[in-house]
Amino acid sequence: MDINRFTKVSDTAWRLEPQGAMRVPAVIYADEALLADMDDKVAEQASNVAMLPGIVQASYAMPDAHWGYGFPIGGVAAFDAEQGGVVSAGGVGFDVSCGVRTLLTGLDHRAIEAVQPRLADALFAGIPAGLGSTGQIHLRDQQMTDMLRGGAAWAVERSFGQPEDLERIEERGQMAGADPEAVSQQARKRQRNEMGTLGSGNHYLEVQHITRVFDPDVAAAFGLAEGQVVVSIHCGSRGLGHQIGTEFLREMAIAAQGHGIDLPDRELACAPIHSEIGQRYLGAMRAAINCALANRQILTHLAREVFAEVLPDANLRLLYDVSHNTCKTERHVVDGRDRELYVHRKGATRAFGPGHPDLPEALRGVGQPVLIGGSMGTASYILVGTNEGERLSFNSACHGAGRAMSRHQATRQWRGRALVDELAARGILIRSPSLRGVAGEAPGAYKDVSRVVQASHDAGLARLVARVEPMVCIKG
DNA sequence: ATGTAC
């Protein structure tokens, strides 16, 4: 990307002034090298998003942004329903409410080393992973409806986890406004046997140890210390979210014309928030959020069962669970006015700062944990939200390393077996049903996550708290 | 990301 196209706002913020049909500027957060390496498509797509009706303040791209369907992955855009604002299925993404949760274990990394292969095998046996993977849970239609309304709270009621887990989940584990009736039979059918499964691609369950603390005070408040072990789960709403995304993209593409919305790119299919289809999408999307929250909750229960077996001293307590593919109704101050906005985050993590009323009491004073999953075999990071993040990006930060090349390209360039062996030699045990899948997730196919989080930190989107590195990775 | 396509 030619960085001379941008107005340089700071070392980590670059602005494209509105031109043509753009209603607001497009802003990319990245350091100069990340920006230069970024695909031209990111600027083009962020500019296209800036043309949509009712967009507020600016269209944003995070430091890990890359080309996506319509909206860039790593994109953030907020819309005001009272100003003709829209909701877009492509602005959320196919994997609705894909996200990360991190659990404290109370264990030191030496405790893992003693049982590492056994733990890896037991987790692999206990955690269904891979494309089309199914679990032990089979939902009848009424149970599906209850799950779509109840989210993680539904899972806890069914003894998957503990009531105190809910405190540490976005929306307290249950997204309000879900409309199970708006979820098609086909979406329900696809999900019937997929609760408590990881899925494929970049999804994983990792046992990690903390290798660096950047902010001792916040780390202490989060319960993190160097040498300690945590478990992180990265996955989403599986087939159900994908089916909802597919159906509404199609329907919105047709509906946009009827609503008189002139799309710069047909992939930006959207509908007015105040429209029948807009409301129906929001209801279905919120039901998919509950599906993802329930899924991560069940996976947590499965992980606890394995740890109880292999490392009975472990006490897996939830630090936090946060999504990075959503459209959420939030209040933000824009132009000095407190407004209700529909914030699309597609590959961007919500990052509320200290004092935010939606945070649980135990975290309110310090801010929201911002959980950033790295690529396979590399570090992941825990950050904390800031208050300046509100005016910078509606409280949003990066979501991961961000792809540097396509899966297809990666599978031609790397061999899964060789990657697994190389990582094992470095003390990182990978277990996956698909060596081809592993090749597609080669660390070299991703940007450097440490640069991405540093840019997020420098830009003020979120602040670095701790780095973790993998010991065991169950890969989808 | 995903029963890699109606």
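The structure presented is a predicted model; accordingly, all values stated were derived computationally and were not measured. (Residues numbered from 1 in each chain as written. Chains lettered and ligands numbered in written order. Predicted model: local features only at pLDDT ≥ 70, side-chain atom pairs only at ≥ 80, totals over all residues. Heavy atoms only, no water.)

K.L.:
Go over the overall build of chain A with me, naming the residues and quoting the values.
P.N.:
The helix and strand tally for chain A stands at 16 helices and 19 strands. For a compact globule of 476 residues, the expected C-alpha radius of gyration is about 23 Å, and chain A comes in at 21 Å, within 12% of that figure. Here the C-alpha coordinates of chain A stretch approximately 60 × 50 × 50 Å along the principal axes. Here chain A holds 476 residues, and the buried ones make up 64% of them. Element-wise, carbon and sulfur atoms account for 46% of the exposed surface of chain A, whose accessible area totals about 17600 Å². Taking the 48 positively charged and 55 negatively charged side chains of chain A as two groups, their mean positions are separated by 4 Å. (Helix = DSSP H or I, 4+ residues; strand = E, 2+ residues; numbered from the N terminus. Rg over C-alpha atoms; globule rule 2.2 N^0.38 Å. Buried < 20%, exposed > 50% of the residue type's maximum accessible area, 1.4 Å probe, protein only. Areas by Shrake-Rupley, 256 points an atom, 1.4 Å probe, with all protein chains shown as cover. Lys, Arg positive; Asp, Glu negative; His and termini not counted. Charge placed at Lys NZ, Arg CZ, Asp CG, Glu CD.)

K.L.:
Let's hear about the UniProt feature "binding site: Mn(2+) 1" (unreviewed entry) in chain A: which residues, and what values?
P.N.:
According to UniProt, the feature "binding site: Mn(2+) 1" (unreviewed entry) maps to Asp-95 and His-203 in the numbering used here. A compact arrangement is adopted by the annotated residues: their sequence extent is 109 residues, whereas the largest C-alpha distance between any two is 10.9 Å. With near-sequence residues (within four places) excluded, Asp-95 lies in contact with His-203, Gly-236, Ser-237, Arg-238 and Asn-325. Relative to the helices and strands, His-203 is located in the loop between α7 (185–191) and β8 (204–213). (UniProt positions renumbered as here; feature names shortened; annotations may be inferred. Contact = heavy atoms within 4.5 Å.)

K.L.:
Report on the sheet that holds strand β1 (residues 7–10), specifying residues and quantitative values.
P.N.:
Read across the sheet, seven strands follow the order β1-β2-β3-β4-β5-β13-β12 without closing on themselves; strand pairing throughout is mixed. Strand pairing shows two members of the sheet lacking a second neighbour, β1 and β12 (325–334), which therefore form its edges. The sheet shows a mean angle of 25° between the axes of neighbouring strands, direction not considered. Note that strand β2 (residues 13–16) and strand β3 (residues 26–29) share four bridges and pair antiparallel. Across the sheet, Ala-13 pairs through a bridge with Tyr-29, a residue of β3. Where helix α10 (residues 276–310) meets the sheet, it contacts β12 and β13 (337–346), and its direction lies at approximately 110° from that of β12. (Pairing = 2+ DSSP bridges. Axes fitted to C-alpha atoms, helices over the stretch in contact; angles between N-to-C directions.)

K.L.:
Give me the lowdown on the protein's contact with DNA strand B, citing residues and values where you can.
P.N.:
Within the structure, DNA strand B sits among 15 residues, and Gln-186, Arg-190, Ser-200, Asn-202 and Arg-407 are positioned closest to it. Counting only the atoms of DNA strand B within 4 Å of the protein, the fraction contributed by sugar and phosphate is 59%. A distance of 2.9 Å separates a phosphate oxygen of DNA strand B from a polar atom in the side chain of Glu-194. Measuring from a base oxygen of DNA strand B, one finds a side-chain N or O atom of His-242 at 3.2 Å. Mapped onto the surface near DNA strand B, the elements with two or more residues apiece are α7 and α9 (238–258). A per-element tally of the surface near DNA strand B places α9 first, with three residues. For the surface near DNA strand B, the residue count by class is two nonpolar, eight polar and five charged. (Near = heavy atom within 4 Å. Polar contact = N/O pair within 3.5 Å; in protein donor to acceptor, adjacent residues only side chain to side chain. Nonpolar A, V, L, I, M, F, W, Y, C, P; charged D, E, K, R; others polar.)

K.L.:
Explain the pattern of salt bridges to me, and be specific about the residues and the numbers.
P.N.:
Taken as a whole, this structure holds 26 salt bridges when the rule is applied. With its nearest N and O atoms 4.0 Å apart, the salt bridge here joins Arg-5 to Asp-40. Placement of the pair is Arg-5 in the segment before β1 and Asp-40 in helix α2 (residues 40–49), with a sequence separation of 35 residues. Between Glu-388 and Arg-391 there is a salt bridge, with the nearest N and O atoms lying 3.9 Å from each other. Residue class for Glu-388 comes out partly exposed when judged on its relative accessible area of 38%. Judged by relative accessible area, which is 56%, Arg-391 ranks as exposed. Within the structure, one salt-bridge network assembled from shared partners comprises Glu-170, Glu-171, Lys-328 and Arg-350. (Salt bridge = Lys/Arg side-chain N within 4 Å of Asp/Glu carboxyl O.)

K.L.:
Before we move on, could you go through unusual backbone geometry and cite the residues and values that matter?
P.N.:
Phi at Asp-335 is positive, roughly 50°, even though this residue is not glycine. Structurally, the position occupied by Asp-335 is in the loop between β12 and β13. Of note in the backbone geometry, Phe-394 takes a positive phi value of approximately 50° without being a glycine. For Phe-394, the location among the structural elements is in the loop between α12 (389–393) and β17 (396–397). By relative accessible area, Phe-394 is classed as buried at 0%.

K.L.:
Quick one: what's the story with α10, residue by residue and with numbers?
P.N.:
With 35 residues, α10 extends 51 Å from end C-alpha to end C-alpha; this agrees with the ideal 51 Å at 1.5 Å per step. Across the 35 residues of α10, 29 count as buried, placing the element largely inside the fold. (Expected span 1.5 Å × (residues − 1).)

K.L.:
Which residues make up helix α5 (residues 141–157), and what are the values?
P.N.:
Helix length check: α5 (17 residues) gives 18 Å between terminal C-alpha atoms against 24 Å at 1.5 Å per residue, more than 12% under. At Gly-150, α5 shows its strongest bend, of approximately 120°. Buried residues of α5: Met-144, Thr-145, Met-147, Leu-148, Gly-150, Gly-151, Ala-152, Ala-153, Trp-154, Ala-155 and Val-156, and no others. Lining the buried residues of α5 we find α6 (163–167), α7, α9 and α10. The first or second residue beyond α5 is Ser-159, which carries a positive phi of 70°. (Bend = angle between axes of the 7 residues up to and from the residue.)

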